[in-house]
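Given next are the chains, with one letter for each unit.
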Amino acid sequence: MIGVYVHHRGRGHLHRALPVMGALRERGHDVTMLVSGRIDDSLVPAGTRVVHLPPVAEGSETPEGLTLGARRAAVAWMDRARPRAFWVDSSPAMSLAARMTGIPMISTLPPGVRVDEPHLLRVRAAQRLIGAWPPGVHQATVRRTESPVAEIGGVSRFERRVREPQDRRRPRVVHLNGSGTGGDHRFWRAVRTTACDLGVAEWLEVGGPGGAWHPDPWAELCSADVVVTGAGQASIADAACADVPLVVVPGRRPYGEQDATAEALDSIPGVTVLRYGDGPTAVGRAVRRQVDRVRDGESGGIRAWWGVDGAAARAAEVIRAATTTSFSS
């Protein structure tokens with residue numbers, strides 16, 4: 001049996017873990033997922049057990065949002081169940097807790113160059129690290145690790161979905177604006193205004209304070225001729241499945257993971273990367289230029305560049321391989 005811990009903040013970690021767990025199940029492995037946040041159990045691959053750790057109570061979180069009670073419960077479960085391997089996506093605290101049990105531990109490596117001690121300890125503790133990006137795009141990140149890094153491509157829950165045909169005459173822009181109500185509403189409203197003034201007729205906002213949230217936005221992505229998104233790993237992988245031109249504006253994060261992903265995307269044909277500091281007018285004009293690419297018959301091509309196809313299976317193989325090795329405590 002293989003254990004998987006899914007970090008509860010946001011939905012990106014869950015969306016990445018689900019297809020990997022499905023690939024493990026297809027290879028005949030029993031899988032148990034540990035999670036401390038809320039989750040719709042119907043999303044979990046058939047036959048996967050779910051262990052709900054003590055939830056985060058207001059005022060009791062650590063800086064990374066994982067309570068001591070959750071870590072204790074996870075260690076108790078590992079000590080009792082003795083999984084053959086444990087994949088942590090993606091928490092330094094849980095990675096170190098798993099390492100204490102002596103079970104082979106695989107951890108997801110975030111992009112960027114981090115020097116904070118919890119991250120460095122997590123990297124050293126892992127038997128293997130998974131980088132959910134194409135080989136070679138985060139060389140500085142890989143060079144600073146001591147454990148082997150498997151660069152397996154971007155993992156998307158939509159990898160096996162068939163693109164739904166659309167019958168529309170006007171190009172549509174789809175903005176993936178996150179599952180929460182946060183974000184810079186005024187900035188994106190100004191972007192939309194600029195894009196519309198430049199002739200972009202259809203703009204669909206998915207999530208954020210200005211749009212409806214779609215838990216499964218595949219139909220919306222299929223309707224897109226251009227996708228505007230942040231640079232979260234799950235968002236980029238999902239957008240890559242649509243294989244259309246992208247405009248990427250990385251969100252502000254404490255450790256710069258999205259900035260690092262944006263830099264990796266900047267050289268890919270069909271992707272335009274800007275920053276909030278460039279201003280909404282520049283972003284709106286970039287959107288218009290990508291719409292013109294579509295009208296000129298140019299495709300995105302990012303799906304192949306970002307290595308989405310087969311990525312979940314490659315991650316599953318990394319985890320499966322750890323079950324054949326010993327890892328002393």
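The present account deals with the structure reproduced in this document. (Residues numbered from 1 in each chain as written. Predicted model: local features only at pLDDT ≥ 70, side-chain atom pairs only at ≥ 80, totals over all residues. Heavy atoms only, no water.)

What to know about the overall build of the protein
- Of the regular secondary structure elements, the protein holds twelve helices and twelve strands.
- Computed over C-alpha atoms, the radius of gyration of the protein comes to 20 Å, within 12% of the 20 Å expected from 2.2 N^0.38 for 329 residues, which places it in the range of a compact globule.
- For the protein, the spread of C-alpha atoms along the principal axes amounts to about 60 × 40 × 40 Å.
- Counting contacts in the protein only where the partners sit at least 6 residues apart, residues at least 24 apart contribute 64% of the total.
- When the accessible area of the protein is evaluated, it comes to approximately 14,400 Å², of which 49% is carbon and sulfur surface. (Helix = DSSP H or I, 4+ residues; strand = E, 2+ residues; numbered from the N terminus. Rg over C-alpha atoms; globule rule 2.2 N^0.38 Å. Contact = heavy atoms within 4.5 Å. Areas by Shrake-Rupley, 256 points an atom, 1.4 Å probe, with all protein chains shown as cover.)

Concerning the sheet that holds strand S10 (residues 226-229)
- With respect to topology, five strands assemble into an open sheet ordered S9-S8-S10-S11-S12, the strand pairing being parallel. Each end of this open sheet is capped by a strand with a single partner; those strands are strand S9 (202-206) and strand S12 (271-273). Shown here is a sheet whose adjacent strand axes are inclined to one another by a mean of 20°, direction ignored.
- Taken together, the three bridges between S10 and strand S11 (residues 246-248) define a ladder with parallel strand orientation. Paired with Thr229 across the bridge in S11 is Val248.
- Packed on one face of the sheet, helix H10 (residues 280-295) meets strand S8 (172-176), S9, S10, S11 and S12 and runs near 165° to S11. (Pairing = 2+ DSSP bridges. Axes fitted to C-alpha atoms, helices over the stretch in contact; angles between N-to-C directions.)

Observations regarding the packing of helix H2 (residues 68-81) against helix H3 (residues 92-100)
- For the pair H2 and H3, interaxial distance at closest approach is 10 Å and the crossing angle is 35°. Crossing handedness for the pair H2 and H3: right-handed. Across the interface between the two elements, Ala70, Arg71, Ala74, Val75 and Met78 of H2 pack against Ala93, Met94, Ala97 and Ala98 of H3.
- For the contact of H2 with H3, the per-class residue count stands at eight nonpolar, no polar and one charged. (Left-handed = near helix turned anticlockwise from the far one by under 90°. Nonpolar A, V, L, I, M, F, W, Y, C, P; charged D, E, K, R; others polar.)

A word on the sheet that holds strand S5 (residues 105-108)
- Overall, parallel pairing links the seven strands, which are arranged S3-S2-S1-S4-S5-S6-S7 in an open sheet. Looking at strand neighbours, the two that pair on one side only are strand S3 (49-52) and strand S7 (149-151), the edges of this open sheet. Strand-to-strand, the axes of this sheet are offset by a mean angle of 20°, without reference to chain direction.
- Summarising the sheet, S5 and strand S6 (residues 128-131) pair through three bridges and their orientation is parallel. By the bridge assignment for S6, Ile106 is matched with Arg128.
- Seen against the sheet, helix H12 (residues 311-322) touches strand S1 (2-6), strand S4 (85-89), S5, S6 and S7 and runs at an angle of roughly 175° to S6.

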